[in-house]
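# A structural walkthrough
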Amino acid sequence: MSETHDPKPNKIGAVLLVVGVAALLAYAGVFLPWYDKQQPVTEEELEDLDRRLADTTLELQTMLDDDLSVRQLADERERENSDLGQALSVRCLQWTDLNDSRQTAETVRFQQWACKRYNHYVTSGELLPDEPPDDFSPTDTAGANGGSAI
């Protein structure tokens, strides 16, 4: 008497084993990483992220400020050394000399305007009119250099 084995239970067992292993691999390889990403950030992690963001922001702002300061100084030096900047500087000096030698209300007014015009051009790049406006009044009627940066 020979006993024959029914191959169906072995095939079903093998299929169940393969499905079970595939399910475990899917669980470990797909679900767990996805689930970890779904977890809320802890308060400590949030504070650490905020601190790092603040540090990075401060560092970038400092770099930007330094870059802008260097550029602004370079622009000012370029305007100062330009033909127009030199002419405005000379005009400020001439009015300062005239005001120092023969001070009047008019020389004080024009000396301060000429020096203000020079300083404004160097710092902003904008050119003020040749003559002071009617409402311009000198800040120092004693005639000392009137705000000249020279």
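Provided above is the structure to which this section pertains.
Below you will find a few notes about this structure. (Residues numbered from 1 in each chain as written. Predicted model: local features only at pLDDT ≥ 70, side-chain atom pairs only at ≥ 80, totals over all residues. Heavy atoms only, no water.)

What follows deals with the state of the cysteines. Going through the model one piece at a time under the given rule, you end up with 1 disulfide. What pairs with C92 in a disulfide is C115, and their sulfur atoms sit 1.9 Å apart. Because the sign of the S-S torsion sets the handedness, a value of about 85 degrees for the bond joining C92 and C115 places this disulfide among the right-handed ones. Of this pair, C92 sits in helix α3 (residues 83-101) while C115 sits in helix α4 (residues 105-124); the two residues are 23 residues apart in sequence, bridging distant segments of the chain. Taking relative accessible area as the criterion, C115 reaches 0% and is therefore assigned buried. (Disulfide = S-S within 2.5 Å. Helix = DSSP H or I, 4+ residues; strand = E, 2+ residues; numbered from the N terminus. Buried < 20%, exposed > 50% of the residue type's maximum accessible area, 1.4 Å probe, protein only.)

What follows deals with the packing of aromatic side chains. In the structure shown here, the tally under the stated rule is 2 aromatic pairs. Centre to centre, the rings of W95 and F110 are 5.0 Å apart; their planes meet at 25 degrees, and the pair counts as stacked. With W95 in helix α3 and F110 in helix α4, the pair connects residues that are 15 residues apart, well separated along the chain. For W95, a relative accessible area of 22% gives the class partly exposed. An angle of 70 degrees between the planes, with centres 5.1 Å apart, marks the rings of W113 and F136 as edge-to-face. Here the residue W113 occupies a position in helix α4, and F136 occupies one in the segment after α4, the gap between them amounting to 23 residues. Across the pair, F136 and W113 agree in class, each one buried. (Phe/Tyr/Trp six-rings, centres within 6.5 Å; stacked < 30°, edge-to-face > 60°.)

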